[in-house]
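Structural overview
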Amino acid sequence: MLRRTVLAAPALLAAPSLRGPHPAAAQPAGVTFEEMLVPGGDPGIQLYLRNKRGASAPARPDRTVLCVHGATYPASTGFDLPLGGVSWMDYMAARGFDVWCLDLRNYGRSTREAAMAQPAEGAAPLTPGEVALRDIAAAAAFIRERRGVPKLVHLGWSWGSSLMARFTAENPALVERLVLYAPQWLREGPSPAAAGAAEALGAYRRVTRAQARERWLNGVPEARRGALFPAGWYEHWADATFATDPEGMREVPSVLRAPNGVLADSRAFWQAGRPWYDPAAITAPTLIVLAEWDRDTPPSMALALFPLLTRSPGKRLVLLGEGTHGIMLERNRGALFQAVQLFLEEAGPG
């Protein structure tokens, strides 16, 4: 009971804040911040890595975490957006973890390939999963070498969960634990991320703020929509996220450009009844966690995926109430933080 009370840390998560400073400007006590560009999975690609670390964080595989984003938005404004004075990365770092987040190529502050500055129509979809895996491998190798650890905890959100699951299946010796937050699995019909995309995908798609909000609220009961975010939280996320695409900010209305490789993969695999990775090849302890109002990756997907993790020791599935695909940025995000933290801090299976 005492351990659960400490992990909850309600004072860190309760007070809403309309705007937060640059993460280097003000950190929770005992948390350090660092950011860097590191070589990506191919020549000429630079990857943006952000690190939050507790002052006493040990160099241990079970305390070193790499977080990867989903199909549309970068990692830094999801995992490390200070809401109520603290981000998810802050939360983990304050508990003695060494936490990293990665923007894949063509997202956030990582290299934007030349095709991102050209018309999208008629060009091949950028950053498919096979390419993203090379960037994850490069970033993970950098972290392992920098910290002198043989493996990491891998945490993925949405599309990032598929990338991290595939990486784990193919590199079992490099992954300590696996967290699949709002995981993809086989689906009927197009991904919600494809809303507004033409039949011919092109290199990338444009997402407006109105489209982002409409997609976010899809599935939330009408009577509960007003309580999903404390005042100013959604606007803070939108401002920070759209600002990561200066070219898109110059359009009217402003847009965020997102690579279409993920949508091409979805058509070729998930919508065609073909898994992109083999869950039975995952041998690391695995947590699946998501929220009840998620319409991007609904609970039915998690329920179908869970029994297929036949070789994952100590696997578990956690369904959270009153949240969406983006619960890590909503009023009830504390439930997500606690569920993941309990999984990360418990003793290993057996």
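Going by the structure above, here's the rest.
Throughout what follows, the structure given in this document is the object of discussion.

1. As for the side chain of threonine 241
- One can find threonine 241 in helix 8 (residues 233-242).
- At 2.8 Å, the side chain of threonine 241 and the side chain of threonine 77 are in polar contact.
- Leave out the neighbours within four places in its chain, and threonine 241 touches Tyr73, Pro74, Thr77 and Leu256.

2. Section: helix 6 (residues 159-170)
- Its 12 residues place the ends of helix 6 17 Å apart at the C-alpha level, agreeing with the 16 Å of an ideal helix rising 1.5 Å per residue.
- For helix 6, the buried fraction is high: 11 of the 12 residues fall into the buried class.
- Among the residues of helix 6, those classed as buried are Trp159, Gly160, Ser161, Ser162, Leu163, Met164, Ala165, Arg166, Phe167, Thr168 and Ala169.
- Looking at the buried residues of helix 6, the elements they touch are strand 3 (64-68), helix 5 (129-147), strand 5 (152-157), strand 6 (175-181) and helix 10 (261-268).

3. Notes on the packing of aromatic side chains
- The final tally for this structure, using the stated rule, is 16 aromatic pairs.
- An angle of 45 degrees between the planes, with centres 5.6 Å apart, marks the rings of tyrosine 234 and tryptophan 237 as tilted. Of the two residues, tyrosine 234 and tryptophan 237 are both situated in helix 8; the distance of 3 residues between them amounts to about one turn of the helix.
- Residue tryptophan 237 is classed as buried on the basis of its relative accessible area of 3%.
- These aromatic residues form a ring-pair network of at least three members: Phe79, Trp88, Tyr91, Trp157, Tyr181 and Phe337.
- Here lysine 315 stacks its cationic end above the ring of phenylalanine 306, 4.5 Å away from the centre of that ring.

4. A word on the pattern of salt bridges
- Under the counting rule described, the total for this entry stands at 24 salt bridges.
- The salt bridge partner of aspartate 98 is arginine 53, with a shortest N-O separation of 3.7 Å. Residue aspartate 98 is located in strand 4 (residues 98-103), and its partner arginine 53 is located in strand 2 (residues 46-54); the two are separated by 45 residues in the primary sequence.
- A relative accessible area of 0% means that aspartate 98 is categorised as buried.
- Assessed through its relative accessible area of 22%, arginine 53 is described here as partly exposed.
- The salt bridge partner of glutamate 251 is arginine 206, with a shortest N-O separation of 3.0 Å. Of this pair, glutamate 251 sits in the loop between helix 9 (246-249) and strand 8 (255-259) while arginine 206 sits in strand 7 (residues 204-208), placing them 45 residues apart in sequence.
- Connected through salt bridges with shared partners, the residues Asp42, Arg105, Arg134 and Asp135 form a single ionic network.

5. Some points on the pairing of strand 5
- Judged by how many residues are buried, strand 5 sits mostly within the fold: 6 of 6 residues are covered.
- Of the two faces of strand 5, the one holding Leu152, His154 and Gly156 and the one holding Val153, Leu155 and Trp157 are both buried throughout.
- Relative to strand 5, strand 3 runs parallel, the two being bridged by 4 bridges. In the strand pairing of strand 5, valine 68 is matched with glycine 156.
- Relative to strand 6, strand 5 runs parallel, the two sharing 6 bridges. Along strand 6, the bridge assignment pairs leucine 152 with valine 175.
- Regarding the hand of the β-α-β motif, the stretch spanning strand 5, helix 6 and strand 6 is right-handed.

Calculation criteria
Residues numbered from 1 in each chain as written. Predicted model: local features only at pLDDT ≥ 70, side-chain atom pairs only at ≥ 80, totals over all residues. Heavy atoms only, no water. Helix = DSSP H or I, 4+ residues; strand = E, 2+ residues; numbered from the N terminus. Polar contact = N/O pair within 3.5 Å; in protein donor to acceptor, adjacent residues only side chain to side chain. Contact = heavy atoms within 4.5 Å. Expected span 1.5 Å × (residues − 1). Buried < 20%, exposed > 50% of the residue type's maximum accessible area, 1.4 Å probe, protein only. Phe/Tyr/Trp six-rings, centres within 6.5 Å; stacked < 30°, edge-to-face > 60°. Lys NZ or Arg CZ within 6 Å of the ring centre and 35° of its normal. Salt bridge = Lys/Arg side-chain N within 4 Å of Asp/Glu carboxyl O. Pairing = 2+ DSSP bridges. Right-handed = clockwise from strand over helix to strand, strands pointing away.

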